[in-house]
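Take a look at the letters that make up each chain.
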Amino acid sequence: MTPASEAVPMRRLDADGKFELTLRVNGGEHRVRARPHHTLLEVLRSELKLFGVREACAVGQCGACTVLADGKPVSSCLVLAPMAEGKDILTVEGLEGPDGELDPLQQAFVDHTAFQCSYCTPGFLLTTKALFAEIADPSEEEAREYLAGNLCRCGSYVKILDAVMDAKKRVRNGAAPR
Amino acid sequence: MGGTPFSGLIDARERVTGKIPYTIDIELPNMATAKLLRSTMPHARIRRLDVSRARLVRGVFAVLTGADLLERKEVFPYFGPVFRDRPILAIGKVRYVGEPVVAVAAVDADAAQEALDQVEVDYEELPAVFGIDDALAPGAPLVHDEPPKAGHTFADIILHGHPGTNICNQFKLRKGDIERGLAEADEIFEDTFYSPPLQQVPLETHCCVADVEPGHVTVWATSQIPHMLRGNLAEVFKLPTSRVRVIVPTLGGAYGAKCYPAIEPIAAVLALVARRPVKLHLTRDEEFVTVTKHGGRITLTTGVMKDGRIVARKSLCHFNTGAYADIGPRLIKNGGYGTAGPHNIPHVWVDSYAIYTNIPPAGAFRGYGINQAAWAYESQMDVIAERLGLDPYEFRMKNLLTEGQTFATGEPVEDCHFRELLTMVAKGIGWDAKTRRTRKGSIVRGKGLSCTIKSTVTPSTSSATVKLNDEGSLNVLTSSVEMGQGQKTAHAILAAERLGIPLEKVVVTSPDTDATPYDQQSSSSRTTYAGGAAVQLAVDDVRAQLIRLGAGLLAASEDAVEIAEGRVRTKAAPHRGLEFGEVVRKSRSGDLVGRGTFQTKGGLDPETGQGVASAHWNQAAAAAEVEVDLETGKVRLLRYHGASYPGRVVNRVLTELQLEGNVGFGVSQALFEEMVFDNGQLQNATLADYMVTSTLDMPRELVAHILENPERGDIHGIGETSLPPVMAAIGNAVYHATGVRVKDLPITPEKVLRGLRDREAADRAEPKTPAAEPVR
């Protein structure tokens, strides 16, 4: 995510081989410690206890650990933690409103029961957020294409696509997306 | 309750907010991270294993080998659901690439990995066997030198060992007189079908957190079978089962992968040695070699009369069970009798074998042997229909079991709906014998059918406890496991409607063997059916107590008292009465505890396979329409109509999800999935190289037909029911589109193209061959 020209400044490692970095996650700034090879996925889970970010393959092939970085969906297992500094990171924990009200997309997933084991659900929600940001009025085929990198082994795809297309309508009809 | 029955998941909010807890989220104070060193050899003697440098790595709490386990008198180092043939860590020998050899517990994953990097292993390679023929060849090297030792296991298991060979177990079935049946047949068909080893691929890989104090073991585990895991761990630690506690949070998918103990004994012994809690969470490539679906080769010799009646079937089944038995000894039974299919066949003969080889252990996989069996018999049904000049739909209708006819095991099949199910999907897809295929340029389309039968493990036992609290709410305690099938929701619905209270007043706990009663297993499509029946019986127990206590409080006789509209009241004065909470309070009961146990009876004769295989039969049918590109051989599933018989629907949307999910699960099994080994080394242990269904692979038209029978009221399992027909429906559709019969899954473009070329060559050599009907 960081172009070669803006090289990350040298940082001193402590006795534990770690250094401090600042992550902006779900609207808050967090000072965390990590080793240079630790991924964003590892840090979000181990340091910030954001357990909605889940490992399933750790090599960017399943979409389960998807988060948004400046609005773009990324596999957090493929992003080294220091490279996420300066980005706005959104995880599923950041989708709810301040009083716990669900995002219209979350509500559509609930209403359509667009999951079974739901291990993949946060990844689908965040990828769909990015879809809506990128394509104003996606067709079902466009949604299929966009979500093809998120695997649901329970095979809840029919209901997931129903929920996505329904959420699109709800947002267009005025339900406020978060 | 009233109004529309609840449909959905009661914990949906926790699921969309990411808050629902999985085992990977469990963290304990001072918890260490575990990592495993795995074998790089398929079969080898461990000549030297040096972990001394690993022990010196900073942050390492424990380094454990199989040899260490042998020295620890407090530990029995073998486990397994049937045979105790699997060492917790390799002892003396390794038997597959990926077998755990060394376990490390350290302050974090980096330190654990550093320690593993310091381990030195010298292997003396031994000759290995990978496939069924290798393993059965005369003089083949033995995967296990000694016959495996059986331990306490399930009531339905039948053992026929073959000491001195790689045959782990055999199942036999003899119905009627096979020789007579085949002699009487007008035509005999012999075909061999193959299903490759597969991965269940739960997105949540196996995880276990273990906390071991002297004389007390606690694990949080990704397990479908808490009580058997408790039993296996008690054996390992030589403790009474009461001193082992298994807690199971929600699972992130299982599909059979989490049925039987695999990594939990490692985590637990490591916690013992490290003297602190340990978390072991497998990586995806480790998951690939932890448990698999059996590769299966099935040869069917089927005798048919000219009018299309099947009169005899002889099945020879070989299932590759890998290096350790796991549940293979049972699976060959289901996969064996399963080859008779939902057909009324008077003479059936089955020999089914589990074969040890030097590949990763095979175990439970959604469909449990029936996928392999159905791929064989439903493919052969179309082969036979074509040769006899019969329409595949008519040919099936002629042979499908009807009420009271007997299955291969000799038991009459009740509540039988195969013909209705097949007709539903045939109508749905627009089945018409004359328009099974169409062509446009290089793209051909074809339709295929299939219809399957599946048992549920019998005999089996489930118990449940319910607690009615003093304000009328209800806690349900069950060891059934929530793995996405909606167990908690289904059990809550069943409890709420049985007692007559709102669903919101019911809470279902997760399994905790210190508190939740015995449940045999959350598998075999039995959780709503059997676990749910236990919950209902437990509620009945509470209802009886309410009547007894209510009668006392109302100063009436018990038979003058009834439960209705959420109250205990006298029949004479129905407008008065006591709310449930009042009964609890006024009787000073604290709470009312109800207990229910649901047991099914049955079992098969060990020599003839005759008896009762299943308390009821799970029934499904499918119709698929595919498109095949004749230039590339690529197959796309366009339309799919699936039907299953849940009897009584407990939760409509979850019923649909099981069927739709099975289509998703089956599409990639039909077209992509295969574990590819080279000398026992898995070549495709990533989700890029091992393809599972994505949104793009799903049919654009997918209709879930649900056949109900509310009058009868029985609940049939649906978790696996609709999976077995998927692969053969697609295979038959590919045949009708192209004339290419692929007999070994998956149906890859290469196989289709090869088949097309072979057909062209055959046409040129013998232009009038009737088998090669031209594509229109």
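Rules of the game
- Residues numbered from 1 in each chain as written.
- Chains lettered and ligands numbered in written order.
- Predicted model: local features only at pLDDT ≥ 70, side-chain atom pairs only at ≥ 80, totals over all residues.
- Helix = DSSP H or I, 4+ residues; strand = E, 2+ residues; numbered from the N terminus.
- Rg over C-alpha atoms; globule rule 2.2 N^0.38 Å.
- Buried ≥ 20, exposed ≤ 12 C-beta atoms within 10 Å, placed from the backbone.
- Contact = placed C-beta atoms within 7 Å.
- Pairing = 2+ DSSP bridges.
- Axes fitted to C-alpha atoms, helices over the stretch in contact; angles between N-to-C directions.
- Parallel < 35°, antiparallel > 145°, perpendicular 65-115°, else oblique.
- Left-handed = near helix turned anticlockwise from the far one by under 90°.
- Nonpolar A, V, L, I, M, F, W, Y, C, P; charged D, E, K, R; others polar.
- Core = buried A, V, L, I, M, F, W, Y, C linked by C-beta atoms within 7 Å.
- pLDDT = per-residue confidence, 0-100.
- Expected span 1.5 Å × (residues − 1).

**Points about the overall build of chain A**
No. 1: For chain A, the helix and strand inventory stands at five helices and five strands.
No. 2: When the helices and strands of chain A are read in sequence order from the N terminus, they spell out β-β-α-β-β-β-α-α-α-α.
No. 3: Since a compact globule built from 178 residues should have a radius of gyration of about 16 Å, the 17 Å found for chain A is in line with a globular shape.
No. 4: If you line up chain A on its principal axes, its C-alpha atoms span 50 × 30 × 30 Å.
No. 5: Looking at chain A as a whole, 50% of its 178 residues are labelled buried.
No. 6: Within chain A, contacts between residues separated by at least 24 positions form 58% of all contacts whose residues are at least 6 apart in sequence.

**Re the overall build of chain B**
No. 1: Assigned secondary structure in chain B consists of 19 helices and 33 strands.
No. 2: For 776 residues, the compact-globule formula gives about 28 Å, and the C-alpha radius of gyration of chain B, at 27 Å, lands near that figure.
No. 3: With the C-alpha coordinates aligned to their principal axes, the bounding extent of chain B is approximately 90 × 80 × 50 Å.
No. 4: Residues counted as buried form 59% of the 776 residues belonging to chain B.

**Focus on helix α10 (residues 328–337) of chain B**
Residues and elements named next belong to chain B.
No. 1: Extensive coverage of α10 is indicated by the burial of 10 of its 10 residues.
No. 2: Along α10, the positions that sit buried rather than exposed are Gly 328, Pro 329, Arg 330, Leu 331, Ile 332, Lys 333, Asn 334, Gly 335, Gly 336 and Tyr 337.
No. 3: Taken together, the buried residues of α10 touch β9 (167–175), β15 (295–304), β16 (310–322), β17 (347–356) and α11 (370–388).

**Focus: the sheet that holds β17(B)**
Residues and elements named next belong to chain B.
No. 1: What the five strands build is an open sheet, ordered β9-β17-β16-β15-β10; its pairing is mixed. For this open sheet the edge positions go to β9 and β10 (187–195), each flanked by a neighbour on one side alone. Taken pair by pair, the neighbouring strands of this sheet meet at an average axis angle of 10°, ignoring direction.
No. 2: Where β15 meets β16, 10 bridges bridge the pair, whose relative direction is antiparallel.

**Brief notes about unusual backbone geometry**
No. 1: Omega for the bond connecting Thr458(B) with Pro459(B) falls within 30 degrees of zero, at 0°, which places this linkage in the cis form.
No. 2: Take Pro459(B): it is sitting in the loop between β19 (443–454) and β20 (461–468).
No. 3: With an omega dihedral of -5°, the bond running from Leu745(B) to Pro746(B) counts as a cis peptide bond.
No. 4: At Ser118(A), a position not held by glycine, the phi torsion is positive, near 70°.
No. 5: Relative to the assigned elements, Ser118(A) resides in the loop between α2 (104–112) and α3 (121–134).
No. 6: Even without glycine at this site, Ser524(B) takes up a positive phi of about 60°.
No. 7: Counting through the fold element by element, Ser524(B) comes out in the loop between β22 (506–508) and α15 (527–553).
No. 8: Of the residues examined, Ser524(B) has 26 C-beta atoms within 10 Å and is grouped as buried.

**Quick notes on the interface of chain A and chain B**
No. 1: Tallying the contact residues gives 40 residues for chain A and 42 residues for chain B.
No. 2: If you list the elements that add at least two residues to the side of chain A that touches chain B, you get α2, α3, α4 (140–146) and α5 (157–172) of chain A.

**Here's the deal with the packing of helix α7 (residues 226–237) of chain B against helix α8 (residues 264–274) of chain B**
Residue and element names in this part refer to chain B.
No. 1: Interhelical geometry of α7 versus α8 gives an angle of 45° and a closest axis separation of 10 Å. When the axes of α7 and α8 are compared, the pair comes out oblique. Here α7 runs over α8; the crossing is right-handed. Of the residues in α8, those in contact with Leu 229, Asn 232, Leu 233 and Val 236 of α7 are Glu 264, Pro 265 and Ala 268.
No. 2: Counted by class, the contact of α7 with α8 contains five nonpolar, one polar and one charged residues.

**Quick word on the nonpolar core**
No. 1: Ranked by size, the top nonpolar core spans 289 residues in total, and within it Val104(B), Ala267(B), Leu270(B) and Val734(B) carry the most contacts.
No. 2: Once residues within four sequence positions are removed from consideration, Val104(B) is found in contact with Ala34(B), Lys35(B), Ala54(B), Val60(B), Ala62(B), Val63(B), Ala112(B), Ala115(B) and Leu116(B).

**Regarding the confidence of the model for chain B**
No. 1: Residue-level pLDDT values for chain B average 96, and 98% of them are 70 or greater.
No. 2: Model confidence for the complex is summarised by a pTM of 0.96, with the ipTM given as 0.96.

**Digging into the packing of α2(A) against α5(A)**
Residue and element names in this part refer to chain A.
No. 1: Close contact between α2 and α5 brings their axes to 8 Å; oriented N to C, the two are set at 135°. Considering the angle they form, α2 stands oblique to α5. As for the relative orientation of α2 and α5, their crossing is right-handed in sense. Of the residues in α5, those touching α2 at Pro 104, Leu 105, Ala 108, Phe 109 and His 112 are Lys 159, Asp 162, Ala 163, Asp 166, Ala 167, Arg 170 and Val 171.

**A short note on the environment of Asp605(B)**
All names here are of chain B.
No. 1: Positionally, Asp 605 belongs in the loop between β27 (603–604) and β28 (611–612).
No. 2: What makes Asp 605 partly exposed here is the crowd of 14 C-beta atoms within 10 Å.
No. 3: Counting along the chain gives 431 residues from Asp 605 to Arg 174, while the straight-line C-alpha distance between them is 9.9 Å.
No. 4: With near-sequence residues (within four places) excluded, Asp 605 lies in contact with Gln 610 and Gly 611.

**Focus on the sheet that holds strand β3 (residues 66–69) of chain A**
Residue and element names in this part refer to chain A.
No. 1: Reading across from one edge, β2-β1-β5-β3-β4 is the order of the five strands in this open sheet, with mixed pairing throughout. Both edges of this open sheet fall to β2 (28–34) and β4 (72–75), since each of them pairs with a single strand only. Looking at each pair of strands side by side, their axes are set apart by 45° on average, direction ignored.
No. 2: Across seven bridges, strand β1 (residues 19–25) lies against β2 in antiparallel orientation. Residue pairing for β2: Leu 23 is matched across the bridge by His 30.

**Here's the deal with the pairing of strand β11 (residues 207–213) of chain B**
Residue and element names in this part refer to chain B.
No. 1: For β11, the tally of buried residues reaches six of seven residues, placing the bulk of the element in the interior.
No. 2: As defined by bridge partners, β11 adjoins strand β14 (residues 278–281) across four bridges and the pair is classed as antiparallel. Within the sheet, the bridge partner assigned to Cys 207 lies in β14 and is His 281.
No. 3: Of the pairings in the sheet, the one linking β11 to strand β12 (residues 216–221) comprises six bridges and is antiparallel in character. Looking at β12, one finds that Asp 211 is bridged to Thr 218.
No. 4: Linking two consecutive strands that pair antiparallel, namely β11 and β12, is a turn of two residues; a positive phi of about 80° is found at Gly 215 within it.

**Here we look at the pairing of β1(A)**
All names here are of chain A.
No. 1: What sits between the antiparallel neighbours β1 and β2 is a turn of two residues, in which Asn 26 has the positive phi angle 50°.
No. 2: Relative to strand β5 (residues 88–90), β1 is paired through two bridges, and the arrangement is parallel. Note that in β5 the partner of Arg 24 across the bridge is Asp 88.

**A closer look at the environment of Thr608(B)**
Residues and elements named next belong to chain B.
No. 1: Examined against the element boundaries, Thr 608 turns out to sit in the loop between β27 and β28.
No. 2: C-alpha of Thr 608 to C-alpha of Thr 250: the two residues are 358 residues apart in sequence and 40 Å apart in space.
No. 3: In contact with Thr 608, other than residues within four places in its own chain, are Leu 173 and Arg 174.

**Some thoughts on helix α18 (residues 724–738) of chain B**
Residues and elements named next belong to chain B.
No. 1: Taking 1.5 Å per residue, 15 residues should reach 21 Å; α18 reaches 23 Å between its end C-alpha atoms and fits that length.
No. 2: The element α18 is extensively covered by neighbouring structure, given that 15 of its 15 residues are classed as buried.
No. 3: Two residues or fewer after α18 comes Gly 739, characterised by a positive phi angle close to 80°.

**Structural notes on the environment of Arg45(B)**
No. 1: Examined against the element boundaries, Arg45(B) turns out to sit in strand β2 (residues 44–50).
No. 2: Distance in space between the C-alpha atoms of Arg45(B) and Glu124(B) is 5.0 Å, their sequence separation being 79 residues.

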